[in-house]
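The lines below spell out each chain.
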Amino acid sequence: QLLLQAPQHVIGFDAEWTSKRGDSNPEPALFQISTLEVAFMVDLLSLGHSSDSLGVALEEILQNPSLTKVGFDCFADLGKLAKSFDKLKRACTGKLPGVVDLQTLEAERRMVEERLTKNQAREGVSLSSMTEKYLGLPLNKSLQLCDWTRRPLSPAQALYASLDAYVPARIFVQRFMT
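First things first, this report covers the structure right here in the doc.

The rules we used
Residues numbered from 1 in each chain as written. Predicted model: local features only at pLDDT ≥ 70, side-chain atom pairs only at ≥ 80, totals over all residues. Heavy atoms only, no water. Helix = DSSP H or I, 4+ residues; strand = E, 2+ residues; numbered from the N terminus. Expected span 1.5 Å × (residues − 1). Bend = angle between axes of the 7 residues up to and from the residue. Buried < 20%, exposed > 50% of the residue type's maximum accessible area, 1.4 Å probe, protein only. Polar contact = N/O pair within 3.5 Å; in protein donor to acceptor, adjacent residues only side chain to side chain. Pairing = 2+ DSSP bridges. Axes fitted to C-alpha atoms, helices over the stretch in contact; angles between N-to-C directions. Parallel < 35°, antiparallel > 145°, perpendicular 65-115°, else oblique. Left-handed = near helix turned anticlockwise from the far one by under 90°. Contact = heavy atoms within 4.5 Å.

Description of helix α8 (residues 155-176)
Next up, step 1: Taking 1.5 Å of rise per residue, 22 residues should cover 32 Å, and α8 covers 31 Å from first to last C-alpha, within 8% of that figure.
Next up, step 2: At Y166, α8 is bent by approximately 30°, the largest bend along its length, and proline P168 sits one to four residues beyond.
Next up, step 3: Along α8, the residues classified as buried are Q157, Y160, A161, S162, D164, A165, V167, P168, A169, I171, F172 and V173.

Examining the side chain of T131
Next up, step 1: Considering the arrangement of structural elements, one finds T131 in helix α7 (residues 127-135).
Next up, step 2: At a separation of 2.6 Å, a polar atom in the side chain of T131 contacts the main-chain carbonyl oxygen of L127.

What about the pairing of strand β3 (residues 39-43)?
On a regular strand, each side chain points to the face opposite its neighbour's, so the side chains alternate between the two faces of the sheet.
Next up, step 1: When strand β2 (residues 28-34) meets β3, the two strands line up antiparallel, connected through 5 bridges. Bridging across to β3, L30 finds its partner in D43.
Next up, step 2: Taking the residues between adjacent antiparallel strands as the criterion, β2 and β3 are bridged by 4 residues.

Some thoughts on the packing of helix α5 (residues 102-113) against α8
Next up, step 1: Across the interface, α5 lies against α8 with an axial gap of 11 Å and an inter-helix angle of 30°. For the element pair α5 / α8, the angle class is roughly parallel. Our pair here, α5 against α8, has a crossing hand that is left-handed. Of the residues in α8, those in contact with L102, L105, E106, R109 and E113 of α5 are P168, I171, F172, R175 and F176.

Coordinates in, geometry out; function isn't part of it.
Put into structure tokens, the structure is as follows:
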């Protein structure tokens, strides 16, 4: 209910992946979702691949047209989640009303304002660079490839994961809604 009543009807989301050296097909380990006030982390490893409740909850959120759902390179994450979890296929694929990819938004802004080609506009666009540009602080991405299978998560991992979901929503509200 908290997510469905998010301030400004904006939520951010992200996923963290198992990262084993040489693994070209990492498994999802964690799904994070955040309002501008509170972040939630869903332990996908604990839930397993057949969680009906997760599928129902995510479908209710992702298919809700009154919520803007913001991620960074989020369609890639959603596609990988759908492949890994049968119960998430409906929630993560097809037409997803109000899902916004912050990376794409920024590249489109750069194409128009800086008169760049599509490829040029995407160069250097990272969540960290956008955080520094629009929020005035760099986003530390040093834990991106840490061991996301380790439980419990360290406080640093929990903070990192929460920020990865919170920051896209904050940037979207601050930069693209004003």
